[in-house]
Every structure is written in C-alpha cells, then in structure tokens.
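Here is what each chain is made of, one letter per residue.
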Amino acid sequence: MKMELNLAFIGFGTVGKGLAELLIKKEKELKQKYNFEPKVVAISDKIKGSIWKSDGIDLKELLDTEARTGKVDFYQAPSKGLDPLDTITKTNADVIIEVSYTNLQTGEPALTHVKTALTNGKQVVTTNKGPAALSLRGLEELAEKEGVNFFYEGTVLSGTPVFSLIRDGLRGAKVKVIEGILNGTTNYILTQMEEGKSYEDALKDAQDEGYAEADPTGDVEGWDATGKIVILANKLFGGEMSVANVERKGITSITPGNINLAKNKGKRIKLIARASVEGGKIRAKVTPEELPLTNPLANINGATNALTLKTDVLGEVTMVGPGAGKIETGYALLNDLLELNKRLEKS
Ligand code: HSE
C-alpha cells in the first residue's frame, strides 16, 4: 500500500534544510526500500516566510530559492504568510517537523507548536530540545491520548540513534547510569584549544560548521548538555526532572593553562553529563572533568559525541557518533519519519 505522508516544516534553518537535502538525495532509495514517498506541503519560518502548496513543494527549487534569496516565500505557492499555528492546524500536513529554535527556559514557541500539533491529531517529529526537556512525559502522554506519535531522536546525539536503540535494542535491560559527552560545540572547542587554537576562534569555527546553537551561550555554559541529560534521564528513569534540578557548569572558565596542565598529567578535560537514580531520586550533573586518557570518553574529539549506558545485564554499552551538524541532525528526522511510516503502514 502506498503511504501518503504530507509534511510541514515549522522553522527552516540548518536542520530543516539538512532533511530537505536528504529527501532529495535519497528519494529513490526511500521509495524502493521503505515505501516512503513524502510530500512537503508547507513551510513556516519566522524570518524566511511561509508557503503552503497542498500538492507538494519542489524541494530542489525551494532550496535554490532559499540559497539565492534567504527566503522561502519567494518560491511560487498559492498560499503564503500562514503563521506556524495556522500551518499546523489549517494545512493538509499530516506530520509536523518542528525545527524552530530551541529555548530551554520556556520551551517556547516550540512547545506550543508541538502541543497544538498533537492536539490536532498531527504526528510530530522534532530535533528541538526545548519541548522534550521541559515536558517529555506530558507530550508522550498527549500523543498517546490523541493516537499519534511524538518522535525526538535528534534531540540527543543528533542522528546517532540513541532513542531507537533504547526503544528497540535494549528491550528488557535496565539502565542504571547515563554518562557522556552530549554537546558537540564544547567538545569541538576543547579539542581545538588543545591543538593551540584560541577559545574565540574555536567557537567561531563551531558556529561556521553549524554545530553551535543560534545563541552559543546555550552550548558553552552547559545548558544544551543539561537539556539533553534531562531528556535522557526522564526517558530512561521515568522521571519528571527539570533543567533547574541539574548541577551545571560550562566550559567558559577553562583556560589553555588548564588544558595544558591536564595534558601534562596524561589527562584531558571533557564536559561530562551524568545521571543516575540515588535513593529513588534522579540526580544529574554537567561539569568539565579531567579524564585519564584510558577513559574512552577522553578520546572522543571534535564535534563527536559519546554516550555510555550502564546496564544491569550488559554492563556498559557505549555509542559514539556525530552530535551535531546539518546532515547528521537532518538524518535524525529522516530516521524518525521512517519509523513513523513503518508504524502507519502497519496500523
Ligand atoms: N549545539 C548543539 C551541539 C547541537 O553543539 O551539540 C546539537 O544538539
């Protein structure tokens, strides 16, 4: 049976464009191998404008238009100017791809986008950490109540498949401790500083590569890693911990002197996120740590991330992979869309 899935993007920045590029590049393979033939019908971006074309937008032409003009609403479409909420509720989109900017304090406006979509019976796929970090349980319950799906693979470790591994690959295993390098920007900066680059130049490179958040304070002050450990901890330990409960320190006070001192001791400074359950309570913390080079996390360099899950039956299971990047994070959305497609096919 051919599955018709109409997609709408809320936000069309780096990650959204990454997904659009993948949909073009892999069109044939997605159709042949996964019976997946999506149509992008709408895009609503705060700065680049909004378009709705119910019979499908030509993604190549759209990306060309956006590259030439910086706008999506220069693309010829019968309807323009719908805001995100109207795009979610009034268009013929079945799946809302929420890729607007992350706000870990309020989750907004993404949290309202996601809630509105779920309440209106739309599927949601997102890489936005705000809603998942603030209200994971509530959103999962809402999705279940409405009979739709809420997928957020790309919120942690970009396209490296964390949540699908937890969902499908670790059935019956209990995770007791979560530990990892969850922020690509800070790991990239620390690696570059060890190689002699200044903090400022390394941060600029991370921004140019598309690793950093729109406001990189979120990365360097540890907020991004904090949001991610909260999502992981709440998913794996079934809690409702908030970002405010996490002990947090970023890397802004780390100097080249600190890095060299650690190096002379045979160690490396890494921003480590950790969570566990102690006395029935979830405890989580994000802090720079000096790790001996014998620790596998000490050897994770650049924008690469790593996550170790300490389990009851397997001991430690470690995943290493990209933690940021346009295509890498766009791929997380694609992976979620394929899972969604599979579920809908079966239903
Ligand atoms: N700014 C984030 C990072 C992007 O550097 O890891 C991926 O969540």
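Residues numbered from 1 in each chain as written. Predicted model: local features only at pLDDT ≥ 70, side-chain atom pairs only at ≥ 80, totals over all residues. Heavy atoms only, no water.

Quick look at helix α7 (residues 162-169)
- Taken together, the buried positions of α7 are occupied by Val162, Phe163, Ser164 and Ile166.
- Where α7 is buried, its residues touch α11 (223-237), β12 (304-311), β13 (315-322) and α13 (326-346). (Buried < 20%, exposed > 50% of the residue type's maximum accessible area, 1.4 Å probe, protein only. Helix = DSSP H or I, 4+ residues; strand = E, 2+ residues; numbered from the N terminus. Contact = heavy atoms within 4.5 Å.)

Considering the environment of Leu338
- Residue position: Leu338 is located in helix α13.
- With 30 residues separating them in the primary sequence, Leu338 and Thr308 have C-alpha atoms 26 Å apart.

Observations regarding helix α1 (residues 14-25)
- With twelve residues, α1 should cover 16 Å at 1.5 Å per step; its first-to-last C-alpha distance of 16 Å lies within 8% of that length.
- Of all the positions in α1, only Val15, Gly16, Lys17, Gly18, Leu19, Ala20, Leu22 and Leu23 are classed as buried. (Expected span 1.5 Å × (residues − 1).)

A look at the pattern of salt bridges
- In total, this model carries 27 salt bridges according to the counting rule given.
- With its nearest N and O atoms 3.2 Å apart, the salt bridge here joins Lys17 to Glu66. A residue pair is termed long-range when its members are at least 10 positions apart, and Lys17 in helix α1 and Glu66 in helix α3 (residues 59-69) qualify at 49 residues.
- Judged by relative accessible area, Glu66 falls into the buried class, the value being 8%.
- Among the ionic pairs, Glu179 bridges to Lys310, the shortest N-O distance being 3.7 Å. (Salt bridge = Lys/Arg side-chain N within 4 Å of Asp/Glu carboxyl O.)

Focus on the sheet that holds β13
- Taken together, the six strands give an open sheet; going across it, the order is β9-β11-β10-β8-β12-β13, and neighbouring strands pair in mixed fashion. One side of each edge strand has no neighbouring strand; the edge strands of this open sheet are β9 (247-248) and β13.
- Pairing of β9 with strand β11 (residues 281-292) involves two bridges; the strand directions are parallel. Within β11, the position partnered with Arg248 by the bridge is Val286.
- Packing against the sheet, helix α8 (residues 184-194) makes contact with β8 (175-181), β10 (267-278) and β12, and its axis sits at approximately 150 degrees to β10. (Pairing = 2+ DSSP bridges. Axes fitted to C-alpha atoms, helices over the stretch in contact; angles between N-to-C directions.)

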